[in-house]
Amino acid sequence: MVTIDISFKRLKSLLGEPFASTFCLSDLEAILFQIGFEIDDVLDDGDTLKIEITPDRLDAASLYGFARVIKAYLGLSTSTEYRAFETSEYKVIVDESLTHIRPFTVCAVVKGLNLHEIDLIEIIAVQEKLHATFGKQRKKCAIGIYPLTKISWPILYLAKPKDKIEFTPLGAESQMSAAQILSEHKTGKVYAHLLENHTSYPLFIDAQEQVLSMPPILNSAHCGKVTIADSDLFIECSGFDLFALHTVLKQIVCMLCDMGGTAYSVEVDYQSYELSKKSDLTKHISLFKSSLHSLDISQHIQKSDDLESYTLQLPILRNERRTLYTNAVYDLIGIRLNAHEVCHYLERMQYKATPLFEDTVELYVPPFRADIWHDVDVIDDVLRAYTLAKIMPVLPQLATTGDLLGINRFEAQLTDALAQLGFIEVKTLGVTDKLDQFEKLGISLDSVSPMVDYMPLGSTAESSINMLRVRLFPELLKLLMNNRSVSLPHTIFEIGHIILPDSTCDVQSKNVSHFSFIKSAENLTFTDAKQIVEYIFDLFGLERSYEPISVSYLTQGRSAQIVVKGVVVGYLGEISPQVLVSFGLEVPSVLCELDLSLVYTLLQK
Amino acid sequence: MAGRKKVPSSDLAINLQSHPTYQHSLAHNINLEKNNIPLNPEFDSLILALHDYERILLDIFVEFSERKSPLTLDSLNKHIELELDSLLCTRNFDSVMASRAYQWLSNKNIILVSYHKYQVVSLGVNGQTYAKKSLPEIRMITELQNAKRLAQSQLLNLGFNQQEIGVCLGLFKKLGLATVSKSESGEVTLEISLAGKSFSPQTYLQQQFLELSFPLQLDSLTESQKQVLEELKKRQDIVILETKQEPKISLTDFGFKLLQYYAKKLESGALVQYKNSLTKEDIRQYALIAKQTVQQFHQPHLPLQQNVTSSHMQTPSFVLRPFDVTSRVPSVFAGRIHPMTAIMRMIRDIFVEMGFSEMQGPWVETAFWCMDSMWIPQDHPARDVQDTFYLNQIGLLPNAKLVSQIKDVHETGGKSGSKGYSYIWNPQKAAELILRTHTTATTFRTLAKVGNNEGKPLKKFYIGKVFRNEAIDATHLPEFYQVEGFIMGEGLHLGHLLGVIKEFYAKLGFTNIKFKPTYNPYTEPSIEAYYYDERRKKWMELINSGIFRPESLAPYGITQPVIAWGLGLERLAMLMLEQNKLKDIIGTSTDLKWMRTYKVPRRNELKSSLNASQNNHADFEVQN
């Protein structure tokens, strides 16, 4: 979920009369529930609403975008047409030096704005919201906005060796080197990691070699500071995925158009063979084209004679045409609607829609919608306008038989048997610590290796979590340690999975069902453990034999492995005093650990 | 020993029996009015049911009642108030026994228990030290009287700590015993004043106070002592003030009458002997009686054994003390299944009732099965390192054909009728090993295996662990149990999804539910299902659900619609167990005390559901 701040007053003023005076919070709440959004909180000022939107609806992340959604739902506006006027006036040349750094940009110009302070705040808020969510903290996509009047065309997007970069960034008084920006500047420090391991950093510079910005970090103070006096803006998005950059750019441009601006395209020249090749530009462009399959975009994407160079005229703000069959609506949501009804509901969800035939609808998806991949997405919008509450729940009439996994039935029988013997079942975690699973048992960490003896975990939030358990009983010992103050005797058991490396499996490991119990009380011996084990095997009618074993965690002469049909299925014995001490325990304890997957298999034979 | 030849059978009573005071009280004739007390069956049965502890108290009361003559209830209660504690002490009657006896006797309206609250003053750690070696201000002024001037460093050398120096500085200023100045080096220095020179430690009230014998009741202090106490309270760990409460016992009118009756019986030796529990010998007595009865029946000519009279034939020579069946008993601890196991069984039952069979899958997964297989894009937030456990190892991708179909469906939509995500899908990213973040990984392993299931319907469910790379605290664990079910079948649509969820909720006992649209990358529509929690008076979300997207199914050749839903088991457990601390239930911090006593979660009785109404109707027809 993405949370956005919306001023209820400004929202109402965008809705216009009569809603501006009559629309109340509960009306909004009801609409949002149908659409799948939610008012999370109303701030103390009584006006700022914290609204949760689903992460697929980027277009609703701005006040204007949100207002578009509500207006359409109220039937106030049918979809607006957006357009980016084509012009060759604005050109950005992309240099091959960016190949391995931040290869792509898509850009736009919006003119004729009359911005108020509050609009500027809104623009920055949306920019940051898009950075934080869709842009993956600027990693996937960074947006820069500049006053058009400061720029001399064409712009060059290139990478420069970092020690050659020097400019005055936004929020600084004087020139700073790239190194200074990344180590001293407030914004620079936050995003410095995005450029680490690079010796050259990306830059937008204009024809007079003024630095516009150093993406994805920050803008320059001279060319990158937008004020209310600026009516014309240049917008760029930089990153690694052409389609994603275009998606974000459309969001910003549509919002600026809603604020009263007029959009113009910017020509971006990818002339370098090296860059095209290494950054998969051809592949990106073909994916981009296929995503816009319904639009004729030949004039937007031109390939030069040299096969690997392209000129892109973006953004494309035209609506995308689709057709939808009413039968498909019935198949998905179980409601019979005619083409007119479908159109009615689609208009509530910002589409332009007309009945083509009795059972076919022609519809246009507005450019800011980034969540329409398939007919099902359109039908889902029909559903939201129709309202989910009107769908009748019915039980499917499909005859099938139910069944449990045999191993789970077996585990349940064993669980009950142990509970009847007075044991308390516990559930410990599957992720654990090497210290507990090996070292505290007297198994040196040098003697075990990842992917052979255990499955390791990469970086984790908790340093004591670094592997998947390979046995249960150390977890039970830890549990007993945390329950030292509870009166004796302690009789606990667990049935759960352990993970063992297995290179024959696609996941290089396998789940194995294990069982372990521990009894802790004064005067316990091997006999107390064996009694239980004998009881269990008698219960399942399995013949077993016992062979003395020597392991670091059990007392020698008081421990054995259990053999069923010639296979070792587990072990039991008195826990060695050293192990008790390493877990902070002082009470004599016995344990047993069994491979239940194996026992279950042997039971079937 | 006239009245009590047989003694109570508990260990305690046997110990007390040998106590001289006890013997004396029983041997002594009690000085009650000699008028005959008529038989009182109510009193008899009350006396018979007395526990050893209660008898001991009554015996003490009898002993008090012998002290003065003529005795009234008031004077008896005066004795109880003044002497009960010390008498109980001499009988090794500890406070737990006493409080149980008080509780039982007051339940029977024999005594009245009220609680007297009072404050007790005792010495803290510092107080105890200063009581022995004097308060620091006394020691310091004595040093000053000798040295006239002392700098802070000298004081430290003399064994005063910083805190003590601070306290003394303040006190000396206030009392004018010394002047404080700073030396040239800036060091705090004390110089004794005239008053200081003539200060006599013997007259220092604070010190006198410390030398009282503690603990003391606050009420017993004089006004001036209380003032001193107030000052000492401000200093660290010198005095401790605690509130205590003490039961105050008095006999009721009813109790007094009973006591008189009891004493009379005691005197006359008419108290019935009783036993707390049967012994083998006792039971043999019954056997003997039974045998003789039978013998007499078959051989009436034989004489009865001498010690068995006909009246004894129905009653052996002992009485089992009747218990107060309403009184509390010590807890027993038995073996128990884990509450999550109980809830999992409940869920398994529900699924099997609805015709579902169980799936299983591994904890360690390739990103492929956990994400890519169901059309979660490779840059989806769910794949972020901070949320997912990565093993930093590579697993194997499935067959090349499936991999290429997955690649197509991500990039261009493949044959699913979708536009696709229009990004370049990276097979290396799909091969990364992770701990599965949701059980849908297992669902898709199953779907890949069964494909379109030859057009036949399929219902599957799974309960398994999922993992989230999260720091552990009271309510957050890095693992959860997830429940997941899906139905594949021709003609399934949203109404069926809602119907199945409604049924599922009804089987859990939740009937007031509502649905809200949401977003999931692999389902469309996606639906959150809330139920109204009557106890918490709010809507709670438990189930997330949807219809699998065509993009999610197309690579496996599945053309039948598939509806699916899932829920977190911990959430349900919190609701059913009324236990908010996950850490107390799951993991090595599990609280065994809680585990010994938790209330077993039960499935709410089916109230109403789509099925129930149909079934009820059917039953009705059968009956006709």
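What counts, and at which threshold
- Residues numbered from 1 in each chain as written.
- Chains lettered and ligands numbered in written order.
- Predicted model: local features only at pLDDT ≥ 70, side-chain atom pairs only at ≥ 80, totals over all residues.
- Heavy atoms only, no water.
- Helix = DSSP H or I, 4+ residues; strand = E, 2+ residues; numbered from the N terminus.
- Buried < 20%, exposed > 50% of the residue type's maximum accessible area, 1.4 Å probe, protein only.
- Contact = heavy atoms within 4.5 Å.
- Areas by Shrake-Rupley, 256 points an atom, 1.4 Å probe, with all protein chains shown as cover.
- Buried area = accessible area lost by both parts, 1.4 Å probe.
- Salt bridge = Lys/Arg side-chain N within 4 Å of Asp/Glu carboxyl O.
- Polar contact = N/O pair within 3.5 Å; in protein donor to acceptor, adjacent residues only side chain to side chain.
- Nonpolar A, V, L, I, M, F, W, Y, C, P; charged D, E, K, R; others polar.
- Expected span 1.5 Å × (residues − 1).

Draft legend 1. Geometry of the overall build of chain B. Assigned secondary structure in chain B consists of 25 helices and 16 strands. Residue burial in chain B is summarised as follows: out of 624 residues, 50% are buried. Within chain B, contacts between residues at least 6 apart in sequence are counted, and of these 73% link residues at least 24 apart. Total accessible area computed for chain B in this model is approximately 30300 Å², and 52% of it derives from carbon and sulfur atoms.

Draft legend 2. Representation of the interface of chain A and chain B in the model. Counting residues at the interface gives 101 residues for chain A and 107 residues for chain B. For the pair chain A and chain B, the summed buried surface comes to about 8200 Å²; carbon and sulfur atoms form 63% of the total. For B:Asp379, the salt bridge identified is with A:Lys140, shortest N-O distance 2.3 Å. Summed over the shared surface of chain A and chain B, the number is 44 residue pairs in polar contact (both at pLDDT 80 or more). When residues of the side of chain A that touches chain B are assigned to their parent elements, the largest contribution, six residues, is made by helix 14 (residues 406-420) of chain A. Residue composition of the side of chain A that touches chain B, grouped by class: 50 nonpolar, 29 polar and 22 charged.

Draft legend 3. View of unusual backbone geometry. With an omega of 0°, the peptide bond running from A:Glu17 to A:Pro18 counts as cis. Positionally, A:Pro18 belongs in the loop between helix 1 (8-15) and helix 2 (19-22). With an omega of -5°, the peptide bond running from A:Trp153 to A:Pro154 counts as cis. Positionally, A:Pro154 belongs in the loop between strand 7 (141-147) and strand 8 (155-161). Of note, the phi angle at A:Arg138 is positive, near 75°, even though the residue is not glycine. Positionally, A:Arg138 belongs in the loop between helix 5 (117-132) and strand 7. We classify A:Arg138 as buried; its relative accessible area is 8%. For B:Trp375, which is not a glycine, the phi torsion comes out positive at approximately 75°. For B:Trp375, a relative accessible area of 0% translates into the label buried.

Draft legend 4. Examining helix 17 (residues 526-540) of chain A more closely. All names here are of chain A. If you check helix 17, its first and last C-alpha atoms are 22 Å apart, about what 15 residues at 1.5 Å a residue would give, namely 21 Å. Taken residue by residue, helix 17 has Phe526, Asp528, Ala529, Ile532, Val533, Ile536, Phe537 and Phe540 as its buried positions. Immediately beyond the C-terminal end of helix 17, within one or two residues, lies Gly541, with a positive phi of roughly 65°.

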